[in-house]
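The primary structure of each chain is shown beneath.
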Amino acid sequence: MESVLSKYENQITIFADYLEEFPDTDELVWILGKQHLLKTEKSKLLSDISARLWFTYRRKFSPIGGTGPSSDAGWGCMLRCGQMMLAQALICRHLGRDWNWEKQKEQPKEYQRILQCFLDRKDCCYSIHQMAQMGVGEGKSIGEWFGPNTVAQVLKKLALFDEWNSLAVYVSMDNTVVIEDIKKMCCVLPSSADTVGESTPGTLNASNQSRGTFACCPAWKPLLLIVPLRLGINQINPVYVDAFKECFKMPQSLGALGGKPNNAYYFIGFLGDELIFLDPHTTQTFVNTEENGTVDDQTFHCLQSPQRMNILNLDPSVALGFFCKEEKDFDNWCSLVQKEILKENLRMFELVQKHPSHWPPFVPPAKPEVTTSGAAGLIKE
């Protein structure tokens with residue numbers, strides 16, 4: 001039987017030690033669109049960081065695919081980082097960015113439901129099982145390390161099966177975000193217009209879509225926007241540093257996926273030229289739902305010192321994440337990008353209104369077929 005200590009191996013940390021890790025400075029710390037004055041708001045900063053859902057390597061879960069690995073130690077770090085970014089989007093969607101977590105405190109039912117989306121079971125929509133299996137379609141064998149773009153593509157596919165959260169996941173290509181395509185994907189037609197092939201005034205149809213006019217979007221599907229980038233050849237180009245840090249200041253920020261070769265981290269903010277990140281490289285025992293249907297969440301929040309690394313040590317392959325719950329959030333994000341990202345001579349990425357004419361036509365992702373194969377019960381295309 002596992003000892004009680006091993007279950008909470010990552011949590012044996014003295015609160016004061018956590019705070020002493022940060023230097024004594026007047027600088028602001030930015031965490032996922034929120035600022036904290038380090039000198040006077042250390043405990044508030046700690047609370048904000050520890051509230052993020054923290055996914056790490058796990059062991060002793062059911063073998064992936066029935067006969068595959070029962071631990072993701074050594075290969076699943078980028079998948080765990082992708083889970084953390086998506087979980088933050090779901091927290092923002094259901095509980096809001098200002099929601100906070102307190103140890104041993106009863107949480108809203110939505111929180112428990114979010115947590116259950118990520119348990120290490122084949123029937124959980126964003127489990128390590130589903131992500132690893134969906135990665136096969138992206139050319140990754142089960143047990144093979146993922147890069148940021150592969151994780152983004154996997155999340156985009158899995159989200160199609162997630163009716164509760166009903167997210168639109170847009171993954172940019174060629175360092176370009178296309179406003180027209182996102183509006184096309186997120187603007188939901190009323191069912192009556194769908195049925196009869198007509199649109200009431202203010203709704204979308206083929207003609208006003210092609211003109212790029214989306215002034216009266218009838219309903220907006222919450223958007224998870226992921227921007228995979230290459231910010232240099234072998235190391236990050238210093239010219240991108242300011243723009244990269246600016247993204248953590250945006251209220252829509254979900255942070256960034258990245259790290260070093262074969263060593264992924266979930267970056268949630270910065271202090272000066274140091275990035276603050278959650279590290280998935282701790283192996284904990286699989287946690288399942290309890291008899292009352294809830295999940296013991298103590299090992300899903302990091303109470304250890306948040307780690308930091310100089311931004312210039314970052315591998316140039318990264319993926320930025322943003323969440324836009326409503327259309328006005330996306331419009332605001334576009335304005336911020338225009339103001340802070342596109343002002344640079346060497347732009348980190350492009351934001352364009354119209355779908356590039358030399359690209360294939362944009363087709364919003366559709367739910368692929370589901371096949372169940374014996375013990376695996378997998379989602380496959």
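Please read all numbers here as calculations on a predicted model, not as lab measurements.

Chemist: What is the right way to read the environment of Leu-229 from this model?
Modeler: Along the chain, Leu-229 falls in strand E6 (residues 223-230). Take Leu-229: its relative accessible area is 5%, and that puts it in the buried class. Residues Leu-229 and Ser-172, 57 residues apart in the sequence, show an inter-C-alpha distance of 9.1 Å. Aside from chain neighbours lying at most four places away, what touches Leu-229 is Asn-175, Pro-316, Ser-317, Val-318, Leu-320, Met-348 and Phe-349.

Chemist: Please clarify how the environment of Arg-113 should be interpreted in this entry.
Modeler: Residue placement: Arg-113 occurs in helix H5 (residues 109-116). For the pair Arg-113 and Val-295, spaced 182 residues apart in the sequence, the C-alpha separation amounts to 9.2 Å.

Chemist: Would you mind going over empty space enclosed by the protein with me for this structure?
Modeler: A probe as big as a water molecule, rolled over the atoms, marks out the empty space that is left. Per the counting criterion, the structure on display carries 1 cavity of 30 Å³ or more. What the largest cavity holds in volume is close to 40 Å³. In this structure, the largest cavity is lined by Phe-55, Thr-56, Arg-58, Arg-80, Phe-118, Leu-119, Asp-120, Val-287 and Phe-300. When its residues are assigned to classes, the lining of the largest cavity shows 5 nonpolar, 1 polar and 3 charged.

Chemist: What is the right way to read the pairing of strand E12 (residues 317-324) from this model?
Modeler: Two faces, one strand: in a regular strand the side chains alternate between the faces of the sheet. Among the 8 residues that make up E12, 7 are buried, leaving the element largely enclosed by the rest of the structure. In the sheet, strand E7 (residues 253-260) pairs with E12 via 3 bridges, with the strands oriented antiparallel. For Ala-256, the partnering residue across the bridge sits in E12 and is Leu-320.

Chemist: I'm lost on unusual backbone geometry in this one. Help?
Modeler: If a residue is not glycine, its phi is most likely negative; likewise, a peptide bond is most likely trans. With a phi angle near 70 degrees, Lys-60 is a residue other than glycine that sits in the positive phi range. Among the secondary structure elements, Lys-60 is positioned in the loop between strand E3 (57-59) and helix H4 (77-94). A positive phi angle, close to 55 degrees, is found at Asn-175, a residue other than glycine.

Chemist: Teacher, can you tell me more about the side chain of Asp-297 here?
Modeler: Looking at where Asp-297 falls in the secondary structure, it is placed in the loop between strand E10 (283-285) and strand E11 (307-310). Here Asp-297 is buried and forms no salt bridge, its nearest opposite-charge partner Lys-103 lying at an N-O distance of 9.1 Å. Separated by 2.8 Å, the side chains of Asp-297 and Trp-101 make a polar contact. Excluding residues that lie within four positions of it along the chain, Asp-297 makes contacts with Trp-101, Tyr-111 and Leu-115.

Chemist: Would you mind going over the packing of helix H6 (residues 128-136) against helix H7 (residues 148-158) with me for this structure?
Modeler: Packed helix pairs are characterised by how far apart their axes lie and by the angle those axes make with each other. Packing of H6 against H7 brings their axes to within 9 Å, and their N-to-C directions diverge by 105 degrees. The orientation of H6 relative to H7 falls into the category roughly perpendicular. For the pair H6 and H7, the contacting residues are Gln-130, Met-131, Met-134 and Gly-135 in the first and Val-151, Val-154, Leu-155, Lys-157 and Leu-158 in the second. Split into classes, the residues belonging to the contact of H6 with H7 amount to 6 nonpolar, 2 polar and 1 charged.

Reading the values: rules and limits
Residues numbered from 1 in each chain as written. Predicted model: local features only at pLDDT ≥ 70, side-chain atom pairs only at ≥ 80, totals over all residues. Heavy atoms only, no water. Helix = DSSP H or I, 4+ residues; strand = E, 2+ residues; numbered from the N terminus. Buried < 20%, exposed > 50% of the residue type's maximum accessible area, 1.4 Å probe, protein only. Contact = heavy atoms within 4.5 Å. 1 Å grid on protein atoms, 1.4 Å probe; cavity = no way out; pocket = protein on both sides within 12 Å on 5 of 7 lines; lining within 4 Å. Points joined across faces, edges and corners; volume = space filled by probe spheres on them. Nonpolar A, V, L, I, M, F, W, Y, C, P; charged D, E, K, R; others polar. Pairing = 2+ DSSP bridges. Lys, Arg positive; Asp, Glu negative; His and termini not counted. Salt bridge = Lys/Arg side-chain N within 4 Å of Asp/Glu carboxyl O. Polar contact = N/O pair within 3.5 Å; in protein donor to acceptor, adjacent residues only side chain to side chain. Axes fitted to C-alpha atoms, helices over the stretch in contact; angles between N-to-C directions. Parallel < 35°, antiparallel > 145°, perpendicular 65-115°, else oblique.

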